[in-house]
Structures are given as C-alpha cells and as structure tokens.
Amino acid sequence: MTTKKRIYVAGHRGMVGAAIVRLLVARGDSEIVTKSSNELDLTDQAQVRSFFAVQKIDEVYIAAAKVGGIHANNTFPAEFIYRNLMIESNVIHEAWSSGVQKLLFLGSSCIYPRMAEQPIKEEYLLTGKLEPTNEAYAIAKIAGIKLCESYNRQYGVDYRSIMPTNLYGPGDNYHSENSHVIPALIRRFHEAKLAAAPEIVIWGTGTPRREFLYVDDMAGASIHVMELPREVYEATTQPMSSHINVGTGSDITIALLAETIGKIVGYSGNIRFDVTKPDGTPRKWLDISRLLSLGWKPSVELESGLQHAYQAFQRGT
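Caption draft 1: Structural view of the pattern of salt bridges. Enumeration over the complete set of coordinates arrives at 18 salt bridges. Between E31 and R6 there is a salt bridge, with its nearest N and O atoms 2.7 Å apart. Of the two residues, E31 sits in strand β2 (residues 30–33) while R6 sits in strand β1 (residues 5–10), which places them 25 residues apart along the sequence. Among the charged side chains, a salt-bridge network with shared partners connects R27, D29 and E227.

Okay, structure coming up:
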C-alpha cells in the first residue's frame, strides 16, 4: 500500500493556486493540504514554522502573493515588497527547516528589466533597471528566485522557480482599481454595456504589447516543471539562473486586447485611450524556448480563454 505524497499549495484561494489545486485533485495521486489566510498567516514566521512541524509536507507550491495592477503596485509599494518578501522567506525557510526537498516558487515576468530585449530570455534577469511602477513587487519576486537558488546551493534541496507572463481566467480579481488589465477591462466593458455608456476610457496609449496566459495552462506548466526529473531540470538551467519562463510565445497590443474584449462582452460604444496616464513597460514578451524544450506548450488560445474568463466573471467565479 503506497502512501500518497502530501502537497501544500500556498495561496489556494487565489487564481493560480486554485487552478493548481483543481488539476492536482483531478489527478487523484496526492493529498492536497491547504490553509486560508485566516487559518495561517504566511507573513508570521512562528505560524508557518508550526504549520510545517505539524503537517509533514512532501512538496510545496508557492502561489501565495500580494498582487495587483499598475495602480495598486504604484500606490502601495511598501505593502507589495513587505508582504511578498515575508511570505516567500517564511515558506521557503520553514519548508527547508522541516525537511521538504521539493518546492516550486511562482514569480512574475515583471522581474525583468523595463527595456529588456524581446523576447525576454531567462538570462536577462538583473541586466537593467526595472519598471518603476512595479519595482517593489519585482524586487520581492527576484528575491524569491534567489532564495530558492541559495537553498539549493547551500543545502542541496530541489527548489525550482517559474516566471509566468500575465495570467487571466476563472478566479481572477475584478476589483475596480486593484486588478490586472484583463479582469479590469472585462469588468469595465461589462458595466459600460449594462449602462449603455457611449464611451469607455482606458489608461495609456494602447500601444504597449502584452502576453497573456490562461490560468489552467499555468497550472499545467507548474506541475510539469515540478515533476521533471531533477537531472533534466538541472541540465536545462544553471545554479544561479534556474528559473523558467512560462508564456504563450505571442503577444498583443493593449488596443487590440481592448477591442477583442469589447467584442466578446458585446459592448458597441467608442473606446478612447487617455494618453496622460502611464503605459507601464512598453513590451513584455517571454522567450519560452527553455520550457518548450522540456516538453510543455500552452493549449488555450487567447480569444477562447477570454470567452471562458468572461463567462466565469458572469457566474461570479
């Protein structure tokens, strides 16, 4: 009789964590451990230490994070850097302290320099200045990568990192001010349609290009990378450049994205761009050749994913 491995998914109520849990549960070959933020405050080291001491975890997925769009990142930088540093530091250190050998840290493509060459390769990390509007969040995520690499180098554990592009899908945050671009646009177009508003105004010029990955594809990539044989993962990465990009291999302008979402939602009014507002990074397009070489590729096309996302928004899920 084989005992199922116990997998802790930190941040299981977030969009990414929930998708990872759905996929792991569907497979049925492991025991999933989750805790809400009310049950376990990941910024409190004593609580995290006690959790790992009691739960006897075999593997960890760190999908817990404080996240938000340009407005939230630019308005609350102290909260973004503090909470994310504390979460990853506590979970990584206490996982190691309790004997966890395998861990996957989920980062963000905002770790790369603002003016990085496109498409962005993993080795471009720390080669230039970050985008000022989300620098605090990016610094915290870079620290998470380096925590994993440092524990690998010093203690011989197998802690991996993946850096997704912009994510969207069921479970997204549709807050009117603190959401990312796709959920923000879905909500605004939906409300404009209901109000029969003649015009909708969007921040920036519409010219920046962004890459978007459906969250279920992200979950699949996470588990794929976690389960790669160690020798395969280490042969593809470097001890001090060990993270792997996750994306789709293509991007789209914000203007075309807005038009596409407007069409899916059924909004027929005018779209105007407020050029006095910041654009953020001009382009973020990830090179995913490393991940493709490891046998994974995305399966959900953008327009199809946006339709699923809008349906989930209408359901309130």
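Caption draft 2: Local environment of the state of the cysteines. The full count for this structure, using the stated rule, is 0 disulfides. In this model C110 remains outside any disulfide bridge; the closest cysteine sulfur is found in C148, 16 Å from its own. A relative accessible area of 0% means that C148 is categorised as buried.

Caption draft 3: Local environment of the packing of helix α9 (residues 254–265) against helix α11 (residues 302–315). Axis separation between α9 and α11 bottoms out at 10 Å; the angle between their running directions is 50 degrees. In terms of their interaxial angle, α9 and α11 are classed as oblique. For α9 against α11, the interelement crossing comes out right-handed. Contacts between α9 and α11 involve L257, T260, I261, K263, I264 and V265 from the first element and E303, L306, Q307 and Y310 from the second.

Cut-offs applied
- Residues numbered from 1 in each chain as written.
- Predicted model: local features only at pLDDT ≥ 70, side-chain atom pairs only at ≥ 80, totals over all residues.
- Heavy atoms only, no water.
- Salt bridge = Lys/Arg side-chain N within 4 Å of Asp/Glu carboxyl O.
- Helix = DSSP H or I, 4+ residues; strand = E, 2+ residues; numbered from the N terminus.
- Disulfide = S-S within 2.5 Å.
- Buried < 20%, exposed > 50% of the residue type's maximum accessible area, 1.4 Å probe, protein only.
- Axes fitted to C-alpha atoms, helices over the stretch in contact; angles between N-to-C directions.
- Parallel < 35°, antiparallel > 145°, perpendicular 65-115°, else oblique.
- Left-handed = near helix turned anticlockwise from the far one by under 90°.
- Contact = heavy atoms within 4.5 Å.

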